[in-house]
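As a plain string of letters, each chain reads:
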Amino acid sequence: MKSLYAQIVVTFIAAIVIGLVITFSISGRLHALQVAEKLETQMVNIGKEFIELYKKEPDTDADLYLDAMSSGSFEVLLFKDDAEESLYYEEGQDWDIDQADVERVLNGDVHNEYLLPPRINIGLPFEKDGSSYALFLRPDFEFFFEGFRQIVLILFLTVLLIGSFVFILSTRWIVRPIKAMTETAGELAKGNFDVQVETKRKDELGSLAHSFNQMAHGLGELDGMRQQFVSNVSHEIQSPLTSIQGFARALKDGVVTDEENRQAYYDIIEKESRRLSTLSQNLLKLATLDSDHPPYEPSSYKLDEQLRRVLAHMQPQWADKKINIDADLEGCSLYGDADQLEQVWVNILSNAIRHTQTEGTIAVRLKADEDGAEVTIIDDGEGMRPEDQQRIFERFYKADKSRTRKQGGSGLGLSIAEKIVQLHDGAIHVTSRPGEGAAFTVHLPRR
Ligand SMILES: Nc1ncnc2c1ncn2[C@@H]1O[C@H](COP(=O)(O)OP(=O)(O)OP(=O)(O)O)[C@@H](O)[C@H]1O
Ligand SMILES: [Mg+2]
């Protein structure tokens, strides 16, 4: 069976049929037992009345009387002590009485027998003209049950018909959101993320549809981000390539004649290719940090020593701008991935150096307590606007595009730093004001 709709309907109809059959067979039995109890007294009375009459009437009239009695709702059987066969017997009746029971009644016992399916045999003894007789009576259950069966059948069909009709309609209502979701899923598979399942329902299917809509929305956003990412990457690759091509062509065509200009062109080509290489390294770094199992090789090491080493390595850059470094580093051990955290300090410091004027100051502070370590890198450079502060950790975000472009940034440094800090369960913040410098704080919890 293919559709859920058909499965539910068929299951329901099967359930009604089974339920009704069981209910009616049980109620039929109960009804029969009740009828049987009432009939027992009635049969005994009728039997006694017959016996009275039969004793008074001549033998010939007895058959007639028994005929009249058994033609209605009772079946009758009469035995006499000296006769082999029964004295009265009607064709078509199917009595299954033990000879021993007949003997017992002929000897004066009252016989009373309940049988299954509901059936009662009553045997009454009497004497006439010195002979013993046994009169057996039995109600014709078919006669008593005919009406009951009809009512049951009508009930059965009514319940089945109305139930099925109502259920077929309600199942349509139940299955509708599932159908809608199937169609929407098809649209999602085709790449159309601008779809929603319409439903006002508050039940489980309603919340499923709601989650489904959220998923579609999330997928749409993800797809938008993917497209944005691809376009950013292409843009970042395209601009250095264009300048490399332009300068290489100029050199090849012999446009530049003097040696000094030629050297400047070579420098640009070299710088732009280095920029491309850094970009691809950063992209690779982000991809590994984004993976389900980002690289993380922690060890216990001295954080203050690491910061001093980074500052020493970067001396050519800050010394070039005559920047004054003011380092105040508390001795502190940290458990973390040293290589990755080094990248964090390099990224923040290179930004600080880049955005600080000649002869400016960069302060590096390290404080440690039982919670963890806090590194603050403060510069007195150009600072940034509040709206930029909120976005600088986004990939490819650059506050001042033209300036950063000249200085060679691609807007990935801080997003990489943030990822690494998060990998260490830490946090990174910035406070800044335009023209008054910026302060980056990294908090790393003790583990
Ligand atoms: N110390 C700072 N002072 C002022 N602006 C800053 C500072 N640090 C970062 N920014 C702003 O934040 C932006 C994002 O910084 P991020 O390090 O992510 O990228 P980038 O430096 O432009 O490029 P990359 O680091 O990939 O070379 C920068 O473009 C800059 O505008
Ligand atoms: Mg940077």
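Residues numbered from 1 in each chain as written. Chains lettered and ligands numbered in written order. Predicted model: local features only at pLDDT ≥ 70, side-chain atom pairs only at ≥ 80, totals over all residues. Heavy atoms only, no water.

### Considerations on the nonpolar core
Piece 1. Formed by 46 residues in total, the largest nonpolar core has its most connected members in Leu303, Val344, Trp345 and Phe440.
Piece 2. Listing elements by their share of this core, those giving two or more residues are helix 6 (259-290), helix 7 (303-313), helix 9 (338-354), strand 8 (361-368), strand 9 (372-379), helix 12 (413-423), strand 10 (427-432) and strand 11 (438-445).
Piece 3. Here this core spans two domains, since at least three of its residues come from each of domain 2 (204-287) and domain 3 (296-445).
Piece 4. Sequence-distant contacts of Val344, defined by excluding residues within four places in its chain, comprise Ala417, Ile420, Val421 and Val442. (Core = buried A, V, L, I, M, F, W, Y, C linked by side-chain atoms within 4.5 Å. Buried < 20%, exposed > 50% of the residue type's maximum accessible area, 1.4 Å probe, protein only. Helix = DSSP H or I, 4+ residues; strand = E, 2+ residues; numbered from the N terminus. Domains from an automatic or database assignment. Contact = heavy atoms within 4.5 Å.)

### Describing helix 4 (residues 141-189)
Piece 1. The first and last C-alpha atoms of helix 4 sit 67 Å apart over 49 residues, in line with the 72 Å expected at 1.5 Å per residue.
Piece 2. Maximal helix bending in helix 4 amounts to about 35 degrees, located at Val175; proline Pro177 follows within four positions.
Piece 3. Positioned one or two residues after helix 4, Gly191 has a phi angle of 95 degrees, which is positive. (Expected span 1.5 Å × (residues − 1). Bend = angle between axes of the 7 residues up to and from the residue.)

### Some words on a nonpolar patch on the surface
Piece 1. A grouping of Ile18, Ile22, Ile26, Leu30 and Leu33 is seen on the molecular surface, where their side chains present a nonpolar patch of about 480 Å² in accessible area.
Piece 2. Structurally, Leu30 is set in helix 1 (residues 4-56). (Patch = residues over 30% accessible without salt bridge, like charges linked within 9 Å, V, L, I, M, F, W, Y side chains within 5 Å. Areas by Shrake-Rupley, 256 points an atom, 1.4 Å probe, with all protein chains shown as cover. Salt bridge = Lys/Arg side-chain N within 4 Å of Asp/Glu carboxyl O.)

### Side note on the sheet that holds strand 4 (residues 131-139)
In any sheet, the strands associate via hydrogen bonds between backbone groups, in a parallel or an antiparallel arrangement.
Piece 1. Spatially, four strands are ordered 1-4-3-2 in an open sheet, and the strand pairing comes out antiparallel. Across the chains shown, the open sheet's two edge strands, defined by having one partner strand only, are strand 1 (74-80) and strand 2 (111-115). The mean angle between the axes of side-by-side strands here comes to 15 degrees, regardless of whether they run parallel or antiparallel.
Piece 2. Contacts from helix 3 (residues 99-106) reach strand 1, strand 2, strand 3 (119-128) and strand 4, with the element oriented near 125 degrees to strand 4. (Pairing = 2+ DSSP bridges. Axes fitted to C-alpha atoms, helices over the stretch in contact; angles between N-to-C directions.)

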